[in-house]
Amino acid sequence: MLSTPHMGDWELEFVKEAFATNWIAPVGPHVDAFETEFCQLVGTSHSAAVSSGTAALHLALRLIGIQAGDEVFCSTLTFIASATPITFLGAKPVFIDSDRISWNLDPELLSTALAQRAKIGKLPKAVLLVHLYGQSADIDPILAACDRYEIPLVEDAAEALGATYKGQNPGTFGRVGIYSFNGNKIITTSGGGMLVSDDSELVSQARFLATQARDPAPHYQHSQIGYNYRLSNVLAGIGRGQLRVLAERVAARRRNFEIYQQTLGDLPGIEFMPEASFGKATRWLTCLTIDPEKFGTDREQVRLALAAQNIETRPVWKPLHLQPVFADCEYIGGKVAEGLFQDGLCLPSGSNLSDADLKRVIQAIKRVNAVKT
Ligand SMILES: Cc1ncc(COP(=O)(O)O)c(C=O)c1O
């Protein structure tokens, strides 16, 4: 498997505590403590624990005022959940290509695109920046471009908890950021997400909307449409335990990467996802590209050969501007993300992989190369 849950020593204790105190609800002491501990860990002032990263992004976009008909600039190389919340609100994504140093949104492309849009008076209502595969995008120039036109930056750090950008956590730079605790993430609550912001009013509004927008009244009264998006107290207990082992999980995933790189890095045509000098990546997933000319076979043949040996790998995300569902959306950029999709492969990367597991994957890849060259 690509990335499986990896529990530590504390999760079950916190879950037992939730049972013992009968806080089996989308509210309770673990939810509060999870939020506080999360803020301390990533260095933000306020957070709201919710049922998924997608829910957090939906709330984030709604709270910065995205409405039907608006445009939101969004990284193209990402999972669909980065962009679906834009469409939940009736707004439209405009997709932007990646750079080669981080595989994330290209700051120069963004800056040029915003300048052009400013000229014709058609600026987007927000920029949604994704930090992919455990690596931060180059935030400073992106933030500067947004600030120039007073456009709010929303950060999708679903895959980048534990990474740094110039020493600070991606997800905490923009107006609002989100994280995911889905089962495949670096730490998990089985399902869950977090919205963070230094704006206390925005986060308290997020909590309000996440609990069906219930007005303060003894009866049930509602003046706005809300959602049922709060995180369960039981799952928040798992999250508290997982926060305690995050640093270990990052170290384990970086070690996987190093072993893959040391053993496969010299094969012809293989290039690993670079680590940009501005930050530290978690290597949530170890990703590489395979040049078919040099390697002797293409990425898909490698994937199928590994699948035949029961080893799960995945192509790098298919860029969203190539997804049929977004066929009518504008795209700004060239072929960087497209090339990464065509040649890119994500290897088994869980923090609980054994050395024997790693060896099996490495030998399987070497065998494909030996047969084909
Ligand atoms: C980049 C990205 N954004 C958003 C999400 C959505 O998070 P969730 O699955 O918790 O809804 C995910 C992962 O699933 C993701 O990888």
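Here the structure is a predicted model, which means the values were calculated and not measured.

K.L.:
Looking at this structure, I do not really get the site of the ligand. What am I missing?
P.N.:
As a structural note, the neighbourhood of the ligand is formed by 15 residues, with G53, T54, D156, E159 and S180 the closest of them. Separating a nitrogen atom of the ligand from a side-chain N or O atom of D156 is a distance of 2.7 Å. The contact in question runs from an oxygen atom of the ligand to an N or O atom on the side chain of E159, over 2.7 Å. Protein chains shield 94% of the accessible area of the ligand, which is 380 Å² for the free molecule. Residue composition of the shell around the ligand, grouped by class: 4 nonpolar, 8 polar and 3 charged.

K.L.:
Could you clarify how one ought to interpret the side chain of T78 in this entry?
P.N.:
Among the secondary structure elements, T78 is positioned in the loop between strand 2 (71-75) and helix 4 (84-88). For T78, a relative accessible area of 2% gives the class buried. In contact with T78, other than residues within four places in its own chain, are V130, L132, W317, K318 and L320.

K.L.:
Can you help me understand empty space enclosed by the protein in this one?
P.N.:
Empty space among the atoms becomes visible once a probe the size of a water molecule is rolled across them. All chains considered together, the criterion is met by 1 cavity of 30 Å³ or more. Of the voids in this model, the largest cavity is the one considered here, and its volume is about 30 Å³. Of the residues that constitute the lining of the largest cavity, the class distribution is 3 nonpolar, 4 polar and 1 charged.

K.L.:
Can you walk me through helix 9 (residues 246-264) in this structure?
P.N.:
Note: α-helices contain 3.6 residues per turn, so residues at a spacing of three or four share the same orientation. Helix length check: helix 9 (19 residues) gives 27 Å between terminal C-alpha atoms against 27 Å at 1.5 Å per residue, within 8%. L246, R249, V250, R253, R254, N256, F257, I259, Y260 and L264 are the residues of helix 9 that are buried.

K.L.:
Teacher, can you tell me more about helix 11 (residues 299-308) here?
P.N.:
Looking only at helix 11, the buried set comprises R299, V302 and L306. Looking down the long axis of helix 11, one finds its buried residues gathered within 65° of arc, a one-sided arrangement. Within two residues after helix 11, N310 carries a phi angle of roughly 65°, on the positive side.

K.L.:
What exactly am I supposed to notice about the pattern of salt bridges here?
P.N.:
All chains considered together, the criterion is met by 19 salt bridges. Here E37 makes a salt bridge to R240, at a shortest N to O gap of 2.7 Å. You can see E37 sitting in helix 2 (residues 29-42) and its partner R240 sitting in helix 8 (residues 233-244), a full 203 residues away along the chain. Note on R240: relative accessible area 12%, which makes it buried. Linking K166 and D140 is a salt bridge whose minimum nitrogen-to-oxygen distance equals 2.7 Å. With K166 in the loop between strand 6 (164-165) and strand 7 (176-180) and D140 in helix 6 (residues 139-148), the pair connects residues that are 26 residues apart, well separated along the chain. Of the residues examined, K166 reaches a relative accessible area of 54% and is grouped as exposed. Each of the salt bridges in this network shares a partner with another, and the network as a whole consists of E71, R117, K122 and E330.

K.L.:
So what exactly am I meant to see when it comes to the confidence of the model for the chain here?
P.N.:
Caution is warranted with low-pLDDT regions, since their predicted coordinates should not be read in detail. Per-chain confidence: the chain averages 97 in pLDDT, with 99% of residues scoring 70 or above. Ranking the elements of the chain by mean pLDDT puts helix 13 (residues 355-372) last, at 92, and strand 2 first, at 99.

K.L.:
Can you walk me through the pairing of strand 1 (residues 46-50) in this structure?
P.N.:
Put simply, side chains in a regular strand alternate between the two faces of the sheet. Judged by how many residues are buried, strand 1 sits mostly within the fold: 4 of 5 residues are covered. Two elements, strand 1 and strand 8 (residues 193-197), share 5 bridges in a ladder whose sense is antiparallel. Residue S47 lies in a different strand from strand 8, and its bridge partner there is V196.

K.L.:
What is the right way to look at the nonpolar core in this model?
P.N.:
When a protein is soluble and globular, its nonpolar side chains tend to lie buried together. In this structure, F38, L128, Y133, L161 and L195 are the most contacted members of the largest nonpolar core, which totals 71 residues. The contact partners of L128, leaving out residues within four places of it in the chain, are L57, L61, V72, F73, C74, S75, S82, I86, V154 and D156.

K.L.:
What is the right way to read the packing of aromatic side chains from this model?
P.N.:
Under the definition given, this model contains 14 aromatic pairs. Between F38 and F181, the ring centres sit 5.7 Å apart and the planes meet at 80°, which makes this aromatic pair edge-to-face. Placement of the pair is F38 in helix 2 and F181 in the loop between strand 7 and strand 8, with a sequence separation of 143 residues. Counting every residue linked through ring pairs, the aromatic cluster contains F79, W103, Y133, W284 and W317. The ring of Y220 is capped by R214, whose NZ or CZ atom sits 3.8 Å from the centre of that ring.

K.L.:
I keep staring at the sheet that holds strand 11 (residues 286-290) and nothing clicks. Help me out?
P.N.:
Strand pairing in a sheet is mediated by backbone hydrogen bonds. Such pairs are either parallel or antiparallel. On the basis of which strands lie adjacent, the open sheet formed by 4 strands has the order 9-11-14-12 and antiparallel pairing. Edge positions in the sheet fall to strand 9 (270-272) and strand 12 (314-315), since each of these pairs with one other strand and no more. Where strand 11 and strand 14 (residues 344-347) come together, 4 bridges link them in antiparallel fashion. The residue of strand 14 that forms the bridge with T286 is L347. Each of strand 11, strand 12 and strand 14 is contacted by helix 12 (residues 336-343), which is oriented at about 55° to strand 14, the strand it contacts most.

Rules of the game
Residues numbered from 1 in each chain as written. Predicted model: local features only at pLDDT ≥ 70, side-chain atom pairs only at ≥ 80, totals over all residues. Heavy atoms only, no water. Near = heavy atom within 4 Å. Polar contact = N/O pair within 3.5 Å; in protein donor to acceptor, adjacent residues only side chain to side chain. Areas by Shrake-Rupley, 256 points an atom, 1.4 Å probe, with all protein chains shown as cover. Nonpolar A, V, L, I, M, F, W, Y, C, P; charged D, E, K, R; others polar. Helix = DSSP H or I, 4+ residues; strand = E, 2+ residues; numbered from the N terminus. Buried < 20%, exposed > 50% of the residue type's maximum accessible area, 1.4 Å probe, protein only. Contact = heavy atoms within 4.5 Å. 1 Å grid on protein atoms, 1.4 Å probe; cavity = no way out; pocket = protein on both sides within 12 Å on 5 of 7 lines; lining within 4 Å. Points joined across faces, edges and corners; volume = space filled by probe spheres on them. Expected span 1.5 Å × (residues − 1). Arc of directions from axis to C-beta. Salt bridge = Lys/Arg side-chain N within 4 Å of Asp/Glu carboxyl O. pLDDT = per-residue confidence, 0-100. Pairing = 2+ DSSP bridges. Core = buried A, V, L, I, M, F, W, Y, C linked by side-chain atoms within 4.5 Å. Phe/Tyr/Trp six-rings, centres within 6.5 Å; stacked < 30°, edge-to-face > 60°. Lys NZ or Arg CZ within 6 Å of the ring centre and 35° of its normal. Axes fitted to C-alpha atoms, helices over the stretch in contact; angles between N-to-C directions.

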